[in-house]
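Notes for the structure review
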Amino acid sequence: MATAPDTRTASAPARAPLLSVRGVKTYYGNIVALRGVDLDVHEGEIVTLIGANGAGKSTLMMTIFGDPRAREGTVLFEGRDITRMPTNEIAKLHIAQAPEGRRIFGRMTVLENLQLGASIADPAFFAADLERVLTLFPRLKERLHQRGGTLSGGEQQMLAIGRALLARPRLLLLDEPSLGLAPLLVRQIFAAIRELNEREKLTVFLVEQNAFHALKLAHRGYVMVNGEITLSGSSRELLNRPEVRAAYLEGGRH
Amino acid sequence: MEVFVQQLINGVTLGSIYGLIAIGYTMVYGIIGMINFAHGDVFMVSAFIALIAFLTLVALGITAVPLALFLVVLIAMALTSLYGWAVERVAYRPLRRSFRLAPLISAIGMSIVLQNFVQIAQGARVKPLPPLIGGGYTLIESDTFVVRLSNVQILVVVTTIALMALFSWVIARTRLGRDMRACEQDLKMASLIGIDVDRTISLTFVIGAALAAVAGIMNLLYYGVIDFYIGFVAGVKAFTAAVLGGIGSLPGAMLGGLLIGLIETFWSAYFSIEYKDVAAFSILVIVLIFLPTGILGRPEIEKV
């Protein structure tokens, strides 16, 4: 594979970002969830968004997909305004998400879940892509004809990520892949994400509460508090910021 | 014994018609969680479309029964699908993000609209169709009772089995069926993977209406008379069938339809014909009390 520019540096590359969120405000009814968020994800990067429960991280993930729609501000993908596009049209741009709560189709088999993930992809790639995902998560291979609802939490998370990968994403959104999983499984899943990023140059936007793991994995990070971005920078910078350490890392390093 | 066999034949025929209508209820419930109360009236509309199509074809000189029947099926399925599609588009889709009761009220309104529309456009009187398919087989002949299996009954049951097999295959094996099942389980996730949820819901209404159209034609052929009110009774019965089988479950709808048909005919034969509806609806009440999820339904528990 050709050498890609090293994005693991503090300054963002000069190219236009793959995903650009500008001044986005999202409401649930009259309750404000996002208070003007600015954020960029460049091609080939792993960017993480960390923050406490209820900070608005998942809302941002869903706002990128237009559900709920941003009331103000814009979401740009490859410079194209997708703020008002229908959710399924946004998916067709090869933005894929492993959402909060995993949302496996529990009454369908693992294989059907993966086929559904490939809905927007060219069917010609399916066999090879399936093989790749099953190599990445061998546990899914054993369970291919089992119903999704019978999988363990970790396996469901692998399936959610696998399903997203079968869309051949240009941008992969992962919403708390570590939630509720044993530390060993979290390491496995994070290793898989790193592998995808390094080998296939997959761009990943990762939402996490597990700040230590997320910042160890990502190139850059943003900190969200109460619907606003309060800090941003390279992962190393953020890991060393006393306020980040105090709020998200103390006692959480395991 | 003879009476039993005859009622079994009649019950299976009636149950086939209920089953085809019940699929429309259960599919729509499965995918958007609402009871489409206008579905029975869509069935009624299809019977009228079929009748008008028959008479038009005869006026045009097409009197060969197989050809006429084939054309009527095509016309009625196409036009009834259009009704099913329009009902969803006009009365339900604008309310999709509204509170849960809103589409339900809209459905009752749609039901009244269709009934009144047909009553005004076609008149309130019963409309007859001369029997097109005569004949049949005498199965058992005793001194007191003759058991007959008519050609219409054979046609109804065979068509129903064929349609249900085709429909089950579409749901289980095709891309559309997979998309429909995905929408049924999680609309939000379905749109996140790029499925056009609106289109899938529209197609659900179209398929449900097309099956109801076949039921409407069968009803017309079997009874020979229709009026603007048949949709209400058949609709409530088919809805009962869907609940009995387990609402949201497709095999459940087919099984429920069959059971309701059998219960109704056997009750009429052995107890009293006046109370056949009471029997059918008592079953609904008993099922709801002791088996709220129906025979093949599943409890609403999802692993998180």
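Note that the structure is a prediction, hence the values are computed from the model and not measured. (Residues numbered from 1 in each chain as written. Chains lettered and ligands numbered in written order. Predicted model: local features only at pLDDT ≥ 70, side-chain atom pairs only at ≥ 80, totals over all residues.)

Notes on the pairing of strand E3 (residues 146–150) of chain B
All names here are of chain B. For clarity, the cut-off: Two strands form a pair only when DSSP identifies at least two bridges running between them. Each helix is a run of DSSP H or I of at least 4 residues and each strand a run of E of at least 2, with the numbering of both proceeding from the N terminus.
In the sheet, strand E2 (residues 136–141) pairs with E3 via five bridges, with the strands oriented antiparallel. Directly across from glutamate 141, in E3, lies its bridge partner valine 146. Following E2, the chain reverses through four residues before pairing antiparallel with E3.

Some words on the interface of chain A and chain B
We count it as follows: Here, residue contact means that the backbone-derived C-beta atoms of the two residues sit within 7 Å. In this classification, Asp, Glu, Lys and Arg are treated as charged, Ala, Val, Leu, Ile, Met, Phe, Trp, Tyr, Cys and Pro as nonpolar, and every other residue, Gly included, as polar.
Opposite the 22 residues of chain A that make contact, chain B presents 17 residues. Take the side of chain A that touches chain B: its biggest share by element is four residues, from helix H3 (residues 110–117) of chain A. Looking at the side of chain A that touches chain B residue by residue, the classes come out as eight nonpolar, nine polar and five charged.

Some details on the sheet that holds strand E7 (residues 171–175) of chain A
Residue and element names in this part refer to chain A. Just so we agree on the cut-off: Where helices are involved, their axes are fitted lines through C-alpha atoms of the stretch in contact, as for all axes, and angles between N-to-C directions lie from 0 to 180°.
The mixed open sheet is built from six strands, whose spatial order is E6-E7-E8-E3-E9-E10. Strand pairing shows two members of the sheet lacking a second neighbour, strand E6 (95–98) and strand E10 (228–234), which therefore form its edges. Going from strand to strand, the sheet's axes swing by 15 degrees on average, the running direction of each strand aside. Both E6 and E7 contribute to a ladder of four bridges, which runs parallel. Across the sheet, glutamine 97 pairs through a bridge with leucine 173, a residue of E7. Along the sheet face, helix H1 (residues 57–64) touches strand E3 (46–51), E6, E7, strand E8 (203–208) and strand E9 (220–225) and points at about 150 degrees away from the line of E7.

Description of the sheet that holds strand E2 (residues 31–41) of chain A
Residue and element names in this part refer to chain A. With antiparallel pairing, the four strands of this open sheet are ordered in space as E2-E1-E4-E5. What marks the edges here is a single partner per strand, and that holds for E2 and strand E5 (80–81). Strand contacts of H1: strand E1 (19–28), E2 and strand E4 (72–77), with the helix running at about 70 degrees to E2, the strand carrying the most contacts.

Notes on the confidence of the model for chain B
Residue and element names in this part refer to chain B. Convention followed: Every residue gets a pLDDT, meaning the predictor's confidence in that residue, from 0 to 100.
Averaged over every residue, the pLDDT of chain B is 93; residues scoring 70 or more account for 98%. When pLDDT is averaged over each helix and strand of chain B, the minimum, 86, is found for helix H11 (residues 276–290) and the maximum, 97, for helix H8 (residues 197–223). The ipTM assigned to the predicted complex is 0.90, against a pTM of 0.90.

Some words on the packing of helix H10 (residues 250–270) of chain B against H11 of chain B
Residues and elements named next belong to chain B. Quick note on the threshold: Roughly parallel refers to an angle under 35 degrees, roughly antiparallel to one over 145, roughly perpendicular to one between 65 and 115, and oblique to any angle outside these ranges. Working rule for handedness: look at the near helix, and if it is turned counterclockwise from the far one by less than a right angle, call the crossing left-handed; if clockwise, right-handed.
Contact geometry of H10 with H11 gives a least axis separation of 8 Å together with a crossing angle of 140 degrees. It follows that H10 is oblique to H11 by the angle criterion. Crossing of H10 against H11: the hand is right-handed. For the pair formed by H10 and H11, the contact residues are Ile260, Ile263, Glu264, Trp267 and Ser268 on the first element and Lys276, Ala279, Ala280 and Ile283 on the second. Considered class by class, the residues forming the contact of H10 with H11 number six nonpolar, one polar and two charged.

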